[in-house]
Every structure is written in C-alpha cells, then in structure tokens.
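# Examining the three-dimensional arrangement
Read off the chains here:
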Amino acid sequence: MNPQALATLNQHLLDALAIAPRETRRLFHGRGRCWPGLEQVTVDWLQGVVLVSLFKEVQAEELAALKQLLVALGSTAQWQASGATSLMLQHRYLPDSLGEWLLGEPVESCTITEEGLDYRVDLGSKQNNGLFLDMRYGRNWVRANAQGLRVLNLFAYTCGFSVAAIAGGAEKVVNLDMSRAALSRGRDNHRLNGHDLGRVSFLGHDLFKSWGKVKQGGPYDLVIIDPPSFQKGSFVLSKDYARVLRRLPELLTPTGRVLACMNDPAFSVEFLLDGMAEAAPGLHFEQRLDNPPEFPDADVQCGLKALVFNQPA
C-alpha cells in the first residue's frame, strides 16, 4: 500500500462520494485485483456510514497513512455533499475483525436499502455485517423469477434471498442455516419489508443432519445454494458442495431450477459445472448471472459465480 496506491484510493473515494448512491453499494473493490497495492481493501456505502474493510495486515506506517487518508475525507466537500455521518475501518484479518470508528459516532446497527428492499446490518461486532453486496444481481434474479414458486434457501444466513423471493411473489420460502441468530435477523428483514411470515419458515439446523426436515417442505420449484467456502466443523466447499448437489433430484419438482453460488477465487466455474454434471446430470446449465459492475475482477473466474440450472420439461 504505497503512496501511489493510496492516492488512487483517495481519488476513487472522492469521486464516489461526490455522487453518493441513493442505496447501499460498494464504492471500491480492491479485492478484484484491478488496482495494484490495494488488493486488501474494500469500501462500502451503507447510506451514511462508510465501511472500509482491510483484509490483510499491513506495515504500521502503511496503516497510519491509510488512517490519515480516511480521517482527512471528513474535511472534504465530497464528504459533506454525500451526507456521510460515520466511517469505520474494519480489520478483517484479525480473529475478532476489530472495527475502529475514525469519523463520526459509532453505529452498532442500521437499516440499509437495496433495490427498494430493506435489510438490517450490524457494524463493529461481527465479521460480516449481514448482507453480501456482490450478490445483488442474484437477489434480483430470484425476485424476478419467484412468482408462485416454492423456494428452498440453503445456507440462508440472514435470508436476503428469501426477502427477494417473497417480494417477487413466492408462495413459500424455506430457509435453512446453522446459525439461529442469523435466521432471527432474517425474520427481522422480512418484517422490515412488511412480509407475511406465514409464507416463510426458518430451520436452524445442520443441513447434512436434516435432509428429512428439508424434504418435508418440498418438492421445491427453486433451490438456492449459497454456502460459505469454509466453515469449521460443518462445511468445506471442495468436498461438501457435491453432497448437496447429489440431493437435488429428490428436492426439486420436475421443472425445478437451481441457483448454485460460489465465491471462492480458488475454484472456477468448471467446479460447479462438472460437479452438477456428475451429481445431478438431469439438471442442465442455463446461464451464469453477471456480477454488479462495482465488483470488477482482473480474472472473471475469480469473482462470484452464480449459475442457474434447470430440468427441461
């Protein structure tokens, strides 16, 4: 993170704040490796709160220079024009993902908006705030294709896909995640949007020990798979994704579709294509969803992969 890289980051932030988005968006995506020296930095706009995430430890003098740059933002005309109130630097490389509030008052949680839907996010206390912004087009696709469907949302986290599905007219959504706290936040997200919780269910279980419960709610017209790359003691992408894919034929209706997602740069699209061909050959590849333009990547294979599969009638 040399002076030239920091100057590049500063200009990006000034330009972004000068025309601050009306809704939540990523302002800078260094992890796409398009800007040398900034591969460890991302910046998100949470509608007044600026969240700067540092994914790798840097030298003390580099960290000091970064903090100086961020504090100086608060004195710029662009900051004032944006309506920004607070800025947090999150050290994602630390076990507790320590957050430092460099500008404004600390904000423990806030409500953000994406494509007209509201979500509650947490700041400063957890590694992830509650909504993965790179999946915006995935949620849009679900919303556009959910009318009248029964949906299974695996690895649901805070139920972003579920909120999108109900907003799109889904008949029923079943959310499954090991974290009951995340599912509780998912209930909050549905309530924020005035949704009928009678059409939504929440299963706080280990998927691999709960196939019976999952099948009870089926068969499903759409199955969404968006697992973590690694979750100690419960999921390892390289071996466990295939275990999920093998179950799809018994979960889906005859014309059901699957949205299979993966966000590990070490695995290419072929991992999902080959895995599906082997585990569920009756499902055919339909399309790969685009990623939002604010998430550029030097290698398209390293970014988020969100693939749609279907069972031809």
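In what follows, the structure referred to is the one given above.
Here the structure is a predicted model, which is why all the values come from computation and not from measurement. Within each chain, residue numbers correspond to sequence positions counted from 1 in written order. Side-chain atom pairs in this predicted model are given and counted only at pLDDT of 80 or more, local residue features only at pLDDT of at least 70, and totals for whole chains, interfaces and linings cover all residues. The basis for every side-chain value is the complete set of heavy atoms in the structure, and neither hydrogens nor water enter the calculation.

## With respect to the overall build of the protein chain
Runs of E in the DSSP output that reach at least two residues are strands. Runs of H or I that reach at least four are helices, and both are numbered from the N terminus. Each helix and strand counted, the protein chain has ten helices and 16 strands in total. Over its C-alpha trace the protein chain gives a radius of gyration of 20 Å, about what one expects of a compact globule, namely 20 Å for 313 residues. When a residue's accessible area, from a 1.4 Å probe over protein chains only, is under 20% of the maximum for its type it is buried; when over 50% it is exposed; and in between it is partly exposed. Expressed as a percentage of its 313 residues, the buried residues of the protein chain come to 52%. A contact between two residues is defined here by any heavy atoms of the two lying within 4.5 Å. The contacts of the protein chain with a sequence gap of at least 6 include a subset with a gap of at least 24, amounting to 63%. Accessible surface for the protein chain amounts to roughly 13800 Å². Of this, 49% is attributable to carbon and sulfur atoms. Counted as positive: Lys and Arg. Counted as negative: Asp and Glu. His and the chain ends are not counted at all. Think of each charge as sitting on NZ of Lys, CZ of Arg, CG of Asp or CD of Glu. Charged side chains of the protein chain number 31 positive and 34 negative; the gap between the two group centres comes to 7 Å. Computation of the radius of gyration draws on C-alpha atoms, with the globule rule given as 2.2 Å multiplied by the number of residues to the power 0.38. Areas reported here follow the Shrake-Rupley algorithm with a probe of radius 1.4 Å; residue values treat only the protein chains shown as occluding.

## Some words on the nonpolar core
Core analysis: the largest hydrophobic core is formed by 32 residues, its most contacted members being Leu154, Val223, Ile225, Tyr241, Val244, Leu248 and Val258. Not counting residues within four places of it along the chain, the set of residues in contact with Ile225 comprises Leu154, Phe155, Tyr241, Val244, Leu245, Leu248, Val258, Leu259, Ala260 and Cys261. Val50, Leu63, Trp79 and Leu87 belong to the second largest nonpolar core, which has 29 residues in total. Nonpolar core, defined: a set of buried Ala, Val, Leu, Ile, Met, Phe, Trp, Tyr and Cys residues in which side-chain atoms within 4.5 Å join the residues together.

## Some points on the packing of helix α4 (residues 136-145) against helix α5 (residues 160-167)
Running from N to C, α4 and α5 cross one another at 35°; their axes reach a closest spacing of 7 Å. Along this stretch, α4 crosses α5, giving a crossing that reads as right-handed. Between α4 and α5, the contacting residues are Gly138, Arg139, Val142 and Arg143 on the first element and Gly160, Phe161, Ala164, Ala165 and Ala167 on the second. Looking at the contact of α4 with α5 residue by residue, the classes come out as five nonpolar, two polar and two charged. Lines fitted to C-alpha atoms define the axes, with helix axes restricted to the stretch in contact, and inter-axis angles between N-to-C directions lie between 0 and 180 degrees. In this scheme the handedness of a crossing depends on how the near helix is turned from the far one: anticlockwise by less than a right angle means left-handed, clockwise means right-handed. Any residue outside Ala, Val, Leu, Ile, Met, Phe, Trp, Tyr, Cys, Pro, Asp, Glu, Lys and Arg is labelled polar, Gly included; the first ten of those are nonpolar and the last four are charged.

## A closer look at the sheet that holds strand β9 (residues 172-176)
Should DSSP find at least two bridges between two strands, the strands are regarded as paired. Spatial ordering of the open sheet is given by β10-β9-β8-β11-β14-β16-β15, a layout of seven strands whose pairing is mixed. Looking at which strands have only one partner, the edges of the open sheet turn out to be β10 (200-203) and β15 (284-288). When the angles between neighbouring strand axes are averaged without regard to direction, this sheet yields 20°. With six bridges joining them, strand β14 (residues 252-262) and strand β16 (residues 305-310) adopt antiparallel strand pairing. What sits directly across from Cys261, in β16, is Ala306. Seen against the sheet, α4 touches β11 (220-225), β14, β15 and β16 and runs at an angle of roughly 165° to β14. Strand contacts of α5: β8 (150-154), β9, β10, β11 and β14, with the helix running at about 180° to β9, the strand carrying the most contacts.

## Points about the sheet that holds strand β4 (residues 86-91)
Backbone-to-backbone hydrogen bonds pair the strands of a sheet. The strands run either parallel or antiparallel. One open sheet holds the five strands; their spatial order is β1-β2-β3-β4-β5, and the pairing between them is mixed. Lying at the two open borders of the sheet, with one neighbouring strand each, are β1 (25-29) and β5 (99-103). Averaged over all pairs of adjacent strands, the angle between strand axes in this sheet comes to 20°, irrespective of strand direction. This element, helix α2 (residues 60-73), spans β3 (49-54), β4 and β5 of the sheet and lies at about 160° to β4.

## Quick word on helix α8 (residues 237-245)
Residues of α8 that are buried: Leu237, Asp240, Tyr241, Val244 and Leu245. Along the long axis of α8, the arc covered by the buried residues comes to 150°, so they all point the same way. Throughout, the arc means that of the directions going from the helix axis to the C-beta atoms.

## Looking at helix α6 (residues 180-192)
By definition here, a helix of n residues has an expected span of 1.5 Å times n minus one. Between its first and last C-alpha atoms α6 spans 18 Å; for 13 residues at 1.5 Å apiece the expected length is 18 Å, and the two agree. Inspection of α6 places Ala182, Leu183, Arg185, Gly186, Asn189 and His190 among the buried residues, and these make up the whole buried set. Taken down its axis, α6 places every buried residue within 155° of arc, on the same side. Set apart from the buried face of α6 by more than 90 degrees, the exposed residues are Arg180 and Ala181. Check the buried side of α6 and you find it contacts β7 (117-122), α5, β9 and β10. Residue Gly194 follows α6 closely and has a positive phi angle near 70°.

## Notes on the pattern of salt bridges
The working definition used for a salt bridge is a side-chain nitrogen of Lys or Arg within 4 Å of a carboxyl oxygen of Asp or Glu. A full pass over the atoms with the stated rule returns 17 salt bridges. Among the ionic pairs, Arg185 bridges to Asp122, the shortest N-O distance being 3.2 Å. Of this pair, Arg185 sits in helix α6 while Asp122 sits in strand β7, and the two are 63 residues apart along the sequence. Grouping residues by exposure puts Arg185 and Asp122 together as buried. Among the salt bridges present, the one from Arg150 reaches Glu171, with a minimum N-O distance of 3.4 Å. Remark: Glu171 occurs in the loop between α5 and β9 and Arg150 occurs in strand β8; sequence separation between them is 21 residues.

## Topic: the environment of Ile224
As for its position among the elements, Ile224 is in strand β11. Classification of Ile224 by relative accessible area gives buried; the value is 1%. For the pair Ile224 and Leu6, spaced 218 residues apart in sequence, the C-alpha separation works out to 39 Å. When residues no more than four places from it in sequence are discounted, the contact partners of Ile224 are Val142, Val151, Leu152, Asn153, Leu154, Phe161 and Leu259.

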